[in-house]
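One-letter residues, chain by chain:
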Amino acid sequence: MIINDTLYITDSLSCKYILVDLDTSQQQVFLPVDNLFGHQTLTKVTASPASHVSAGYKQNDEILSTLVLAFFIIMVIFSREIINVLPAALNSLFSLKNHYKLEEKLALSGQRNVVTAISALYFPVLLTLMNSNYLFDSFELLPQYFLLLCILSLFALWLVRKGIYDLLSWLTKDKNTFKLIERIGYNHMIISVIFSLPAILLRFFWPETDASSILIVLLISILFVFLIYLVRGYQIIISHRYSHFFYILYLCCIELLPIALISNFILSY
């Protein structure tokens, strides 16, 4: 009796099935492989989703390499500004007077603004590198779109804060106080980049470290710098004879509300 049977041969890229005729009246023997591919054998090759995933990962790696290369090129171009600003920013971490000294040097403060812009690009690039595979596997979101979303969110946050600073300066007729707080925020942005290096070193020396652990270390280091920045803002506002109630309003409107709104916007998508 002749019966039809199907054999499947698969690998990571394709799936092939073979239709063969078996004679059940004969004893079961092991035939050579070439006997399976006679003139009556039908084969069909179907593409596997793995090929799509493999192409996606390849494109993902190429984009990540391009992002890292572009960021390092920017750092090399502005290496002189970075070398000059980093020591001054670190010296101002635990001394409010050093913040004032930095602002008094116009050339150094101009270089600081350039380094601040590079620091603002650093965090989106870092988050993209750390979460690129997760974003692609879970949401099929390519790194360039996530990077663009992060940059636009930071730019929107800067515009909102800038607008509120200008509004407060106009209402109080005091430009120096809020301009100084804004510039001190630039210094702490640069300091937060320096404090994030332990998270990068943790991933470099211990590649098996979980991404969530690295993210926790990164958040703790940034939160530490942010708390110092809030203390500096409090010192400046109180020293310019504003009330504690005014500082509470400032804290809610400028420091907490914009971050909460942008975070809610990102998490809603």
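Nothing here was measured: the structure is a model prediction, and the numbers come from that model. (Residues numbered from 1 in each chain as written. Predicted model: local features only at pLDDT ≥ 70, side-chain atom pairs only at ≥ 80, totals over all residues. Heavy atoms only, no water.)

When you go through the protein chain residue by residue, the secondary structure sums to nine helices and three strands. Along the protein chain, from the amino end to the carboxyl end, the secondary structure elements read β-β-β-α-α-α-α-α-α-α-α-α. Looking at the 269 residues of the protein chain, the share that counts as buried comes to 32%. The long-range fraction of contacts in the protein chain, counting pairs at least 24 apart against all pairs at least 6 apart in sequence, stands at 68%. Carbon together with sulfur atoms contributes 68% to the accessible area of the protein chain, which is approximately 17,500 Å² in total. (Helix = DSSP H or I, 4+ residues; strand = E, 2+ residues; numbered from the N terminus. Buried < 20%, exposed > 50% of the residue type's maximum accessible area, 1.4 Å probe, protein only. Contact = heavy atoms within 4.5 Å. Areas by Shrake-Rupley, 256 points an atom, 1.4 Å probe, with all protein chains shown as cover.)

Once that is clear, we can look at the packing of helix H5 (residues 143–172) against helix H6 (residues 175–195). At a minimum axis distance of 8 Å, the contact between H5 and H6 shows a crossing angle of 160°. The orientation of H5 relative to H6 falls into the category roughly antiparallel. For the pair H5 and H6, the sense of crossing is right-handed. Contact residues: Trp158, Lys162, Tyr165, Leu168, Ser169 and Thr172 in H5; Lys175, Phe178, Ile181, Glu182 and Tyr186 in H6. Broken down by class, the residue content of the contact of H5 with H6 amounts to six nonpolar, two polar and three charged. (Axes fitted to C-alpha atoms, helices over the stretch in contact; angles between N-to-C directions. Parallel < 35°, antiparallel > 145°, perpendicular 65-115°, else oblique. Left-handed = near helix turned anticlockwise from the far one by under 90°. Nonpolar A, V, L, I, M, F, W, Y, C, P; charged D, E, K, R; others polar.)

This part is about the pattern of salt bridges. Applying the stated criterion across every chain yields a total of four salt bridges. Taking the shortest distance from any N to any O, the salt bridge between Glu103 and Arg183 comes out at 3.7 Å. One end of the pair, Glu103, is in helix H3 (residues 96–104); the other, Arg183, is in helix H6, with 80 residues separating them in the sequence. Judged by relative accessible area, which is 16%, Glu103 ranks as buried. Residues Lys162 and Glu182 are paired through a salt bridge, measuring 3.2 Å at the closest nitrogen-oxygen approach. Here Lys162 is found in helix H5, whereas its partner Glu182 is found in helix H6, with 20 residues between them in sequence. (Salt bridge = Lys/Arg side-chain N within 4 Å of Asp/Glu carboxyl O.)

Now for the confidence of the model for the protein chain. Summarising the model, the protein chain shows a mean pLDDT of 78, and 72% of its residues fall at 70 or more. Mean pLDDT across the elements of the protein chain ranges from a minimum in strand E3 (residues 42–47), with 46, to a maximum in helix H2 (residues 79–91), with 92. Every residue in residues 41–54 is under pLDDT 50, and counting partners more than four places away or in other chains gives 25 contacts. (pLDDT = per-residue confidence, 0-100.)

Our next topic: the side chain of Glu255. For Glu255, the location among the structural elements is in helix H9 (residues 244–267). Overall, Glu255 belongs to the buried group, its relative accessible area being 1%. Here Tyr229 takes part through its side chain, which lies 2.9 Å from a polar atom of the side chain of Glu255. (Polar contact = N/O pair within 3.5 Å; in protein donor to acceptor, adjacent residues only side chain to side chain.)

On inspection of all chains with the given rule, the structure shows 10 aromatic pairs. Centre to centre, the rings of Phe178 and Tyr242 are 6.0 Å apart; their planes meet at 55°, and the pair counts as tilted. One end of the pair, Phe178, is in helix H6; the other, Tyr242, is in the loop between helix H8 (211–239) and H9, with 64 residues separating them in the sequence. The pair Phe178 / Tyr242 is uniform in exposure class, with both members buried. (Phe/Tyr/Trp six-rings, centres within 6.5 Å; stacked < 30°, edge-to-face > 60°.)

Here we take up the packing of H6 against H8. When two helices pack together, you describe them by how their axes are tilted relative to each other and by the distance separating the axes. The contact between H6 and H8 brings their axes to 9 Å, and the two run at 160°. Here H6 lies roughly antiparallel to H8, going by the angle between them. Crossing of H6 against H8: the hand is right-handed. Packed against H6, whose contacting residues are Thr177, Leu180, Ile181, Ile184, Gly185, His188, Ile191, Ser192 and Phe195, the element H8 presents Ser221, Phe224, Val225, Ile228, Tyr229, Arg232, Gly233, Ile236 and Ile237 at the interface. Taken together, the residues of the contact of H6 with H8 break down into 11 nonpolar, six polar and one charged.

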